[in-house]
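# Structural features, examined
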Amino acid sequence: MGNGVQQHQAMPLTQGEVLPVPSVSQSEALKPQARSIVNSLLSGALAGALAKTAVAPLDRTKIIFQVSSARFSAKEAYRLIYRTYLKDGFLSLWRGNSATMVRVIPYAAIQFCAHEQYKRLLGGHFGFQDKALPPVPRLLAGSMAGTTAAMLTYPLDMVRARMAVTPKEMYSNIIHVFVRISREEGLKTLYRGFTPTILGVMPYAGLSFFTYETLKKMHAERSGRPQPYSYERLAFGACAGLIGQSASYPLDVVRRRMQTAGVTGHTYGTILGTMREIVAEEGVVRGLYKGLSMNWVKGPIAVGISFMTFDVTQILLKKLHQLRCFSR
């Protein structure tokens, strides 16, 4: 009996000799999380690049109207696009898109990845792990994701705005923009318009992600299909973009004015001061909401493409991983 007890007690000692086993299992447990982060970064980067390239001519036209006192209309926007095409050629409609890509690829990658991580963290905190978040955490996750991405990539947005509204003779490339702004206007200029950007991105990103996630949740509950079709994702993203951009548009106009003040001859100092000056010169609707109708065209297209591309790429990457594991 005593020998039996001794043998029973000795067994854990034999197993205990393989001490690294728990640490190996922990590293294995971290691999899916690391893979999820990488997949989110890649999917977000591709989503942002495709979406912004698709609407680049409209985006450039919108920025030009936002930073000028010229009255906006669909007819005038078309004339501007056509004159640009005649004067500088077809590819000039994508002027500044290289700067956009330099900004939007890391921005979209960080935003989508941060959103997935914030959803996971908030889900764990509120007890909704691997489930759809309730409304308030859902809105919070989107706002935090947009704020994180904007804070980390803001100078690139500043550069992109400058390239969009200036002739190509003024800035030859992205590096040239950074050098000239730093030398002639100071490094602080690279963060001009930062506050309205953050104030604008919080409702924009929050409402965009909130609307998209809510529509997917409602769709799953009513259709019985956990995954929407691609065209349904595109439609949900379009609705998300329409709501998000409409809510934050005046702050978008303000940040563009502040970003481009150095080349337009204005001296915008504060958010409220910029708003007052715009309203005094152009009125509320024609000033703070200038170009919004164009945003109602390009915004839903861009956001729809972005959300759809992210989700579809995520699904494809997961399937590729499963195929790789199966073939081993």
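All figures in this text were calculated on a predicted structure; none of them were measured in a lab.

## Here's the deal with the pattern of salt bridges
Scanning the entire structure with this criterion turns up 18 salt bridges. Note that Arg255 and Asp252 form a salt bridge whose closest N and O atoms lie 2.7 Å from each other. With Arg255 and Asp252 both in helix H9 (residues 230-259) and three residues apart, this pair spans about one turn of that helix. Taken individually, Arg255 and Asp252 each receive the classification buried, so the pair is uniform in this respect. Among the ionic pairs, Glu282 bridges to Arg257, the shortest N-O distance being 3.1 Å.

## Points about the nonpolar core
One finds Tyr249, Leu251, Val253, Val254, Met258, Ala261, Tyr268, Ile271, Ile278, Leu288 and Leu292 forming the largest nonpolar core, which totals 11 residues. Of all elements in the fold, only H9 and helix H11 (271-282) reach the threshold of two or more residues within this core. Considering every element that reaches this core, the biggest residue donor is H9, with five residues. The next biggest cluster of nonpolar side chains, apart from the first, holds 10 residues, and it includes Ala108, Phe112, Phe209 and Tyr212.

## A short note on the side chain of His115
Inspection of the secondary structure puts His115 in helix H5 (residues 97-126). Excluding residues that lie within four positions of it along the chain, His115 makes contacts with Ala141, Gly142, Ala145, Phe209 and Glu213.

## A closer look at the confidence of the model for the protein chain
For the protein chain, per-residue confidence averages 83 on the pLDDT scale, and 89% of positions sit at 70 or higher. Across the protein chain, helix H8 (residues 194-223) holds the top mean pLDDT of 92, while helix H1 (residues 2-16) sits lowest at 46. Every residue in residues 1-11 is under pLDDT 50, and counting partners more than four places away or in other chains gives zero contacts. The low-confidence segment residues 13-24 (pLDDT under 50) makes zero contacts with residues lying over four places distant or belonging to another chain.

## What about H11?
The first and last C-alpha atoms of H11 sit 16 Å apart over 12 residues, in line with the 16 Å expected at 1.5 Å per residue. Those residues of H11 that sit buried are Ile271, Thr274, Ile278 and Glu282. For H11, the angular spread of buried residues about the axis comes to 65°, placing them on one side. In H11, the exposed positions angled more than 90 degrees off the buried face are occupied by Leu272, Arg276 and Ala280. Elements in contact with the buried residues of H11: H8, H9 and helix H12 (284-288).

## Observations concerning the packing of H9 against helix H13 (residues 292-327)
In the contact formed by H9 and H13, the axes pass within 6 Å of each other and the chain directions differ by 135°. Classed by the angle they form, the pair H9 and H13 counts as oblique. For the element pair H9 and H13, the recorded crossing hand is right-handed. For the contact of H9 with H13, the class distribution of residues is 14 nonpolar, eight polar and three charged.

Here is what the cut-offs are and how they apply
Residues numbered from 1 in each chain as written. Predicted model: local features only at pLDDT ≥ 70, side-chain atom pairs only at ≥ 80, totals over all residues. Heavy atoms only, no water. Salt bridge = Lys/Arg side-chain N within 4 Å of Asp/Glu carboxyl O. Helix = DSSP H or I, 4+ residues; strand = E, 2+ residues; numbered from the N terminus. Buried < 20%, exposed > 50% of the residue type's maximum accessible area, 1.4 Å probe, protein only. Core = buried A, V, L, I, M, F, W, Y, C linked by side-chain atoms within 4.5 Å. Contact = heavy atoms within 4.5 Å. pLDDT = per-residue confidence, 0-100. Expected span 1.5 Å × (residues − 1). Arc of directions from axis to C-beta. Axes fitted to C-alpha atoms, helices over the stretch in contact; angles between N-to-C directions. Parallel < 35°, antiparallel > 145°, perpendicular 65-115°, else oblique. Left-handed = near helix turned anticlockwise from the far one by under 90°. Nonpolar A, V, L, I, M, F, W, Y, C, P; charged D, E, K, R; others polar.

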